[in-house]
Amino acid sequence: MAQTDERQEQPVSRRKFLKNSGLVLGGLVVGGVAGSLLKTKAPPAPQAAPAAPDFNQALMYFTPEQFRVVEAATERIFPEDEHGPGAKTLGAAYFIDHQLAGDWGFNSREYMQGPFYPGEATQGYQGRLKRREIFDIGIQEMNNYSTAKHQKRFYELEPNQQDGVLKAFESDEVKLTTISASGFFKMLRASTLEGVYADPLYGGNKNMDGWRMKNYPGNQMAYTQVIEQDKFVKMDPVSLRDHQHG
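The structure contained in this document is the topic of the report that follows.

The rules behind the values
- Residues numbered from 1 in each chain as written.
- Predicted model: local features only at pLDDT ≥ 70, side-chain atom pairs only at ≥ 80, totals over all residues.
- Heavy atoms only, no water.
- Axes fitted to C-alpha atoms, helices over the stretch in contact; angles between N-to-C directions.
- Helix = DSSP H or I, 4+ residues; strand = E, 2+ residues; numbered from the N terminus.
- Parallel < 35°, antiparallel > 145°, perpendicular 65-115°, else oblique.
- Contact = heavy atoms within 4.5 Å.
- Expected span 1.5 Å × (residues − 1).
- Buried < 20%, exposed > 50% of the residue type's maximum accessible area, 1.4 Å probe, protein only.
- Left-handed = near helix turned anticlockwise from the far one by under 90°.
- Nonpolar A, V, L, I, M, F, W, Y, C, P; charged D, E, K, R; others polar.
- Lys, Arg positive; Asp, Glu negative; His and termini not counted.
- Salt bridge = Lys/Arg side-chain N within 4 Å of Asp/Glu carboxyl O.
- Phe/Tyr/Trp six-rings, centres within 6.5 Å; stacked < 30°, edge-to-face > 60°.

1. Description of the packing of helix α3 (residues 64–77) against helix α9 (residues 181–197)
Logical step 1: Running from N to C, α3 and α9 cross one another at 75°; their axes reach a closest spacing of 10 Å. Of the possible angle classes, the one that applies to α3 and α9 is roughly perpendicular. Where α3 abuts α9, its residues V70, A73, T74 and I77 lie against F185, L188, R189 and T192.

Here's what the structure looks like:
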């Protein structure tokens, strides 16, 4: 032990110190260069910017409860499949909401005074109720029927159960006193399809994806560049908004 302590306590010579220091510094330099080569990482891939919020998707007439019923019903009428998005993604329920908040919902451009008589099958509803009132009644009755049959509100049902409720309305299996169940279903179905294929200006057909599924070109200003071609020409759709900034 005494000899070991003596070796540890011997003074380090200046030459030995410089030699050891050089080895350490050299190791650090070489190690740093080699390490930088080995640890080179590719720059992170740029992330896609988050989608801007769609401020047009806000309720103007429906209550949140009514909107849930209509959104679920439109998705069953026009469901998402392998061909593209459904009515929910396309915003068809917002389209209906916005229409009911305006002239269409008030029947403001139609003669609405009595007397009222039952119309032909092709004439639809003939009465004093406005479209927004028909929707109010129809949505409430859909929830009533769903609760009575399945103990859940319409938008809480499984898709096959929702289809059953809609078919019961379509066939007039559901008996209503103020409106025709099938008449309401026809109005709901027609409004859904309009929301899927109308110009995005009106709140539906989000990103013109409804048109893209049909290869519909939208509101083109002219077809002179393709009208002479024999084969079908696929064109990117154009909306009314595109003309505003064109």
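Structure shown, so let's carry the discussion forward.
2. So, α3
Along an α-helix, a turn takes 3.6 residues, which lines up residues three or four apart on a common side.
Logical step 1: Over its 14 residues, α3 extends 20 Å from the first C-alpha to the last, a length consistent with the 20 Å expected when each residue adds 1.5 Å.
Logical step 2: Every buried residue of α3 is listed here: Q66, F67, V69, V70, E71, A72, A73, T74 and E75.

3. Focus on the packing of helix α7 (residues 131–150) against helix α8 (residues 159–170)
Logical step 1: Closest axis-to-axis distance for the α7/α8 pair is 11 Å, and the angle between their directions is 120°. Judged by the angle between their axes, α7 and α8 are oblique. Between α7 and α8 the crossing geometry is right-handed. Residues G138, E141, M142, Y145, S146 and H150 of α7 form the contact with α8, whose participating residues are Q161, V165, L166, A168 and F169.
Logical step 2: Its residues assigned to classes, the contact of α7 with α8 shows six nonpolar, four polar and one charged.

4. Description of the environment of K167
Logical step 1: Along the chain, K167 turns up in helix α8.
Logical step 2: C-alpha of K167 to C-alpha of S182: the two residues are 15 residues apart in sequence and 9.0 Å apart in space.

5. Examining the side chain of E71
Logical step 1: By secondary structure assignment, the location of E71 is in helix α3.
Logical step 2: It turns out E71 is buried and unbridged, and the closest side chain with the opposite charge, K88, is 4.5 Å from it.
Logical step 3: Among residues more than four places away in sequence, those in contact with E71 are K88 and A93.

6. Brief notes about the packing of aromatic side chains
Logical step 1: On inspection of all chains with the given rule, the structure shows eight aromatic pairs.
Logical step 2: Plain terms: the ring middles of F67 and Y94 are 4.7 Å apart, the flat faces sit at 45° to each other, and that makes the pair tilted. Taken as a pair, F67 in helix α3 and Y94 in helix α5 (residues 92–100) lie far apart in primary sequence, 27 residues in all.
Logical step 3: Taking relative accessible area as the criterion, F67 reaches 8% and is therefore assigned buried.
Logical step 4: The class for Y94 is buried, based on a relative accessible area of 16%.

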